[in-house]
Each structure stands twice: as structure tokens, then as C-alpha cells.
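Take a look at the letters that make up each chain.
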Amino acid sequence: MTDIVSPTSGVTVSKAPARRDIGIKRRYAAERRFQAYGIAAITFGLVFLFILLWTVIGKGYTAFQQTAITLPIEFVEKTIDPDNKRATDPSVLIAANYPVLLRDAIVKQLNINASSRPDVRDATAMLSKSAPIQLRDMVLADPSIIGKTVNVTVLADANVDSANKAQIDLAVDEKNRKVNDKQVGWMNELKASGALHKQFNTGLFVNGNSSRPEAAGLGVALIGSLYLMLIVLVLALPIGVAASIYLEEFAPKNKLTDLIEVNINNLAAVPSIVYGLLGLSVFINFIGLPRSASLVGGLVLTLMTLPTIIIATRAALRAVPPSIRAAALGLGASKMQMVFHHVLPLAMPGILTGTIIGLAHALGETAPLLLIGMVAFVANAPATPLDPSTALPVQVYMWANEAERAFVERTSGAIIVLLLFLIVMNMGAILLRRRFERRW
């Protein structure tokens, strides 16, 4: 420390206080800069999150509505069963010419000259290719409608649906769009009469995959994801909790257990595609389980989720105060009773939280499921976990690769459904933790 003598007063002044004030100001300035950096980082992340959600929701919310056309369908007996053989041969009802019924209905509804083939072709193209299947199912369910006229609501074609949702710019030349001027006029006519309207798209949650966007749905993917989560929950939770209890409470502390702990931590960081390769080589090629089955996908995701559950469970067990263990043992409880009657119930909030987070992570995985064949085109819902199936993230991947314009909103709609599942699962983890959490 050096002193300075004032030339006017002759008083000795120390430099230390001035330097200390400068140091304090620098520390405060550094703290303010750090806070500013933190706020900027959070703002940066929130902006990109908002852009992501805005993009997905802006493109996908229209997928929950679908354009439909209500037509008076005349189930003409000569068209469906001209030889009256349905009593002895019900298969004639399956092979009937249902597209003709739709063609006649739309031509009559629009007052089109039936001899004008271009007009008839354009009018029929406004209806979904899945509409004949709908009529076939109606006749098979109730053959008594043959010979009657019934108002039937069928799906509109994907291009008509996109035009009705203003996703196609009708101001451009008709050569550059898939809906021509005549079809636009017919759309306006049907809309004015109430025949063309929007309705809630139940098919998005019920139908299986389809090459026709208006008929494609997430039904198979939802059931497949449910099977996957059930398999992961049934296998990963008890195995992960049992392994954690043994390693934390019963295993001796030696080099072997240290090696196991290191490997568990390393397995948690292994890329998910590696687990897909493991499942392909072991469960499919070696054991011979069927490809594209939910069982194989569940086993692969179980292997991937186990390290996460084990790490979370061990952390929850360590969080229980040692005094709980000492008190239980001091009162005469065995080590097994101490663990299962005292430690495990107190660690349950952390265990449940880790398990649900692990399940949410597994629900969003795509790479391992692609390698085991769950990317296959599956139109029928799986009855058992051994049947071919797909999952929500895989369905998003498949629709994102489609060239049709209408699959863009289907892809975003599927992402919204997947995000809702993840939000519900994470909220469940928070609620369970608050419900079972205890303070010491």
C-alpha cells in the first residue's frame, strides 16, 4: 500500500479505498453483464421455440378439419347386384361398381351433362378415392339400403380440401394449380347449398396410413405407440428399479461395481440408432421375432430407457437421508425391510419422475424404430404386439417424405398430437412428484 501526500493540505491519502471501489464496480459490472447474457440466452431460446411452435401449429391446425361433401346416393340394384345373387353369393356386394354410384350422384347434384366426359371426369375427381370403400362398407353393413336413396357424407379430394382451406392460391393461372376453374365454381355452388362443408377430422385419429392424404390417419401409429409404451413400462420400470436398489443398497463397493456404474452412465449417452442396430441383430436376425412388430420396438426402447431409469432411481435413493436408514435398522428392521418399507417409498417421487421422463424420451425416438422395420406401410390396426405396426414419430417421418401438398398439414398435425402426448406425460411427472413428495 502506498500513500500520497496532498500538496494543498499536506494530508496523507491512501490509494487502497480508491482501488477497492474500482474493484467493486468491476465486479458489479461483471455481474450485470452475466445477468444480461443469461436473459439474452433465455430470450434467444424462447424466440426459436415460439417460431417452431408457430410454424408447426400454423401448418397443422387445419389437419383437424376435413372438407366433406354430402350427396344423395341412389343405391341402384342393377349397379350393385344386377343378377340378384347376393342371397347366395354375398361377395357380389364387395365387387360392385360403387364409383358409378358416386359419379351419378355428383353429376346429378351439379346438373352436369352426363355426355360431357371432361365435365364428368372433373366432377368425379372432386370426391376422394376412398368414397367407394365407404359405400361398400355401408352396403355390407346394411344390405337393405339397396334400392334406396340415402344422403351420404363422403370426403372431398385432397386438392379440393386444400383449396377450401385457402392453401391453394386460386388467383394463379389454372394451368399451374390442381383445381381448375370449373371445379372452383362447383365448389362455390356446393358450398352455397350446404353440401360442401368442413367437419372435425375423426379419421386423423381412427384411420390407418393411406396413399390418399384425405383418408390417411394416425390410428395405427397411436395403437403402436401405446403398445410400445406399455412394453417399456412393464419391462424397464421393475428391471431398472431392481438394478438400482441392488447397486445402491446391497452391492459391495469394489472395482466391479465401479465398472458397472461407469458403463451405465456411458450407455445413457449412446446414440439411439446403436440400440436399433442391436435390436435388428439380436431380436430379429438371431431370435427371429417379426419385423415391424411393436414387441421388437418395445424391447429396443426398453434397452435404451433402462440407463435413464437406473440413474434417476439411484439419485432418488441417494436423496433419502441416511438417518431414515439408521432409524429403521436401529428399531430392529432387516436391511430388506429398511429398503422396501422406508427408503423406497420416500424415493418414489424421483423414481416416477425419472420413469415418465424416460418414457417420454422413448416415445419421441425414430431412428431405432426405422432400423427394425416399423417404417413399413401399415393400413390395418395391430391386434397384438406381434402384428406389424408403426409409431407416431415414424408416421411423422413417413408423411414428411410424401410429395403431396396435403401431407404437409398431416405431418404438422401429427407433430401437434405427439407434442400433446409429451406435454401430458411431463405434466404427469410433475403432478406425481408433487403428490408423493415429502420433506424432511
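Residues numbered from 1 in each chain as written. Predicted model: local features only at pLDDT ≥ 70, side-chain atom pairs only at ≥ 80, totals over all residues. Heavy atoms only, no water.

- Taking an unreviewed UniProt entry as the reference, the chain is identified by name as Phosphate transport system permease protein PstA belonging to Rhizobium aouanii.
- The record held by UniProt for the chain lists under Sequence similarities (unreviewed entry) the comment "Belongs to the binding-protein-dependent transport system permease family. CysTW subfamily." (UniProt positions renumbered as here; feature names shortened; annotations may be inferred.)

### Some words on the packing of aromatic side chains
No. 1: Tallying each qualifying case throughout the model produces 5 aromatic pairs.
No. 2: Members of the aromatic cluster, connected to one another through ring pairs, are Phe 64, Phe 200 and Phe 205. (Phe/Tyr/Trp six-rings, centres within 6.5 Å; stacked < 30°, edge-to-face > 60°.)

### A look at the pattern of salt bridges
No. 1: Following the criterion strictly, the structure yields 12 salt bridges and no others.
No. 2: Note that Lys 182 and Asp 119 form a salt bridge whose closest N and O atoms lie 2.6 Å from each other. Of this pair, Lys 182 sits in helix H7 (residues 181-193) while Asp 119 sits in helix H4 (residues 117-124), placing them 63 residues apart in sequence.
No. 3: We note a salt bridge from Arg 177 to Asp 181, for which the minimum N-O separation is 2.6 Å. (Salt bridge = Lys/Arg side-chain N within 4 Å of Asp/Glu carboxyl O. Helix = DSSP H or I, 4+ residues; strand = E, 2+ residues; numbered from the N terminus.)

### Quick word on the UniProt feature "transmembrane region" (unreviewed entry) in the chain
No. 1: Using the residue numbers shown here, the UniProt feature "transmembrane region" (unreviewed entry) corresponds to residues 34-57, 218-247, 267-289, 295-317, 338-363 and 413-432.
No. 2: As annotated, residues 267-289 has a helix share of 70% and a strand share of 0%, and its two end C-alpha atoms lie 24 Å apart.
No. 3: What you have in residues 338-363 is 100% helix and 0% strand, and the ends, taken at the C-alpha atoms, are 35 Å apart.

### Description of the side chain of Thr 313
No. 1: Considering the arrangement of structural elements, one finds Thr 313 in helix H12 (residues 294-319).
No. 2: With relative accessibility at 0%, the residue Thr 313 sits in the buried group.
No. 3: For Thr 313, the residues in contact, after removing those within four places along its chain, are Val 241, Ser 244 and Ile 351. (Buried < 20%, exposed > 50% of the residue type's maximum accessible area, 1.4 Å probe, protein only. Contact = heavy atoms within 4.5 Å.)

### A short note on unusual backbone geometry
No. 1: Even without being glycine, Asn 111 reaches a positive phi, approximately 55 degrees.
No. 2: The topology assignment puts Asn 111 in the loop between helix H3 (98-110) and H4.

### Things to note about the UniProt feature "domain: ABC transmembrane type-1" (unreviewed entry) in the chain
No. 1: Here, UniProt's "domain: ABC transmembrane type-1" (unreviewed entry) annotation points to residues 222-428.
No. 2: Secondary structure over residues 222-428 splits into 76% helix and 0% strand, and the C-alpha atoms at its two ends are 19 Å apart.

### Considering the sheet that holds strand E5 (residues 196-200)
No. 1: On the basis of which strands lie adjacent, the open sheet formed by 3 strands has the order E4-E3-E5 and antiparallel pairing. Lying at the two open borders of the sheet, with one neighbouring strand each, are strand E4 (149-155) and E5. Each strand of the sheet is rotated relative to its neighbour by a mean of 40 degrees, with strand direction disregarded.
No. 2: Across the sheet, H3 touches strand E3 (65-74) and E4, and the angle it forms with E3 is around 95 degrees.
No. 3: Across the sheet, helix H5 (residues 131-141) touches E3 and E4, and the angle it forms with E4 is around 140 degrees. (Pairing = 2+ DSSP bridges. Axes fitted to C-alpha atoms, helices over the stretch in contact; angles between N-to-C directions.)

### Examining the layout of surface pockets
No. 1: There is about 490 Å³ of room inside the largest pocket.
No. 2: As for the largest pocket, its lining consists of 22 residues, and the residues nearest its centre are Ser 130, Leu 155, Gly 203, Asn 207 and Ala 215.
No. 3: Secondary-structure elements contributing two or more residues to the lining of the largest pocket are H5, E4, E5 and helix H8 (203-206).
No. 4: In terms of residue class, the lining of the largest pocket is built from 7 nonpolar, 13 polar and 2 charged. (1 Å grid on protein atoms, 1.4 Å probe; cavity = no way out; pocket = protein on both sides within 12 Å on 5 of 7 lines; lining within 4 Å. Points joined across faces, edges and corners; volume = space filled by probe spheres on them. Nonpolar A, V, L, I, M, F, W, Y, C, P; charged D, E, K, R; others polar.)

### Some words on the packing of helix H9 (residues 219-250) against H12
No. 1: Running from N to C, H9 and H12 cross one another at 35 degrees; their axes reach a closest spacing of 6 Å. With respect to the hand of their crossing, H9 and H12 are arranged in right-handed fashion.
No. 2: Split by residue class, the contact of H9 with H12 holds 20 nonpolar, 9 polar and 4 charged. (Left-handed = near helix turned anticlockwise from the far one by under 90°.)

### A word on the environment of Thr 305
No. 1: Considering the arrangement of structural elements, one finds Thr 305 in helix H12.
No. 2: For the pair Thr 305 and Ile 324, spaced 19 residues apart in sequence, the C-alpha separation works out to 30 Å.
No. 3: With residues up to four places along the chain from it excluded, the contact list for Thr 305 reads Val 232, Gly 358, Leu 359 and Ala 362.

### Quick notes on the nonpolar core
No. 1: By size, the foremost hydrophobic cluster in this structure holds 45 residues, and its most contacted members are Leu 218, Leu 301 and Leu 369.
No. 2: Contributing elements (two or more residues each) for this core: H9, helix H11 (272-286), H12, helix H14 (335-363), helix H16 (392-400) and helix H17 (406-436).
No. 3: Looking at this core, the element that brings in the most residues is H17, giving 8 residues.
No. 4: The contacts of Leu 369, once residues within four sequence positions are left out, are Leu 228, Gly 297, Leu 301, Met 374, Val 375, Ala 391 and Val 394.
No. 5: Within the second largest apolar cluster, 38 residues are counted, among which are Leu 110, Met 126, Leu 127 and Val 154. (Core = buried A, V, L, I, M, F, W, Y, C linked by side-chain atoms within 4.5 Å.)

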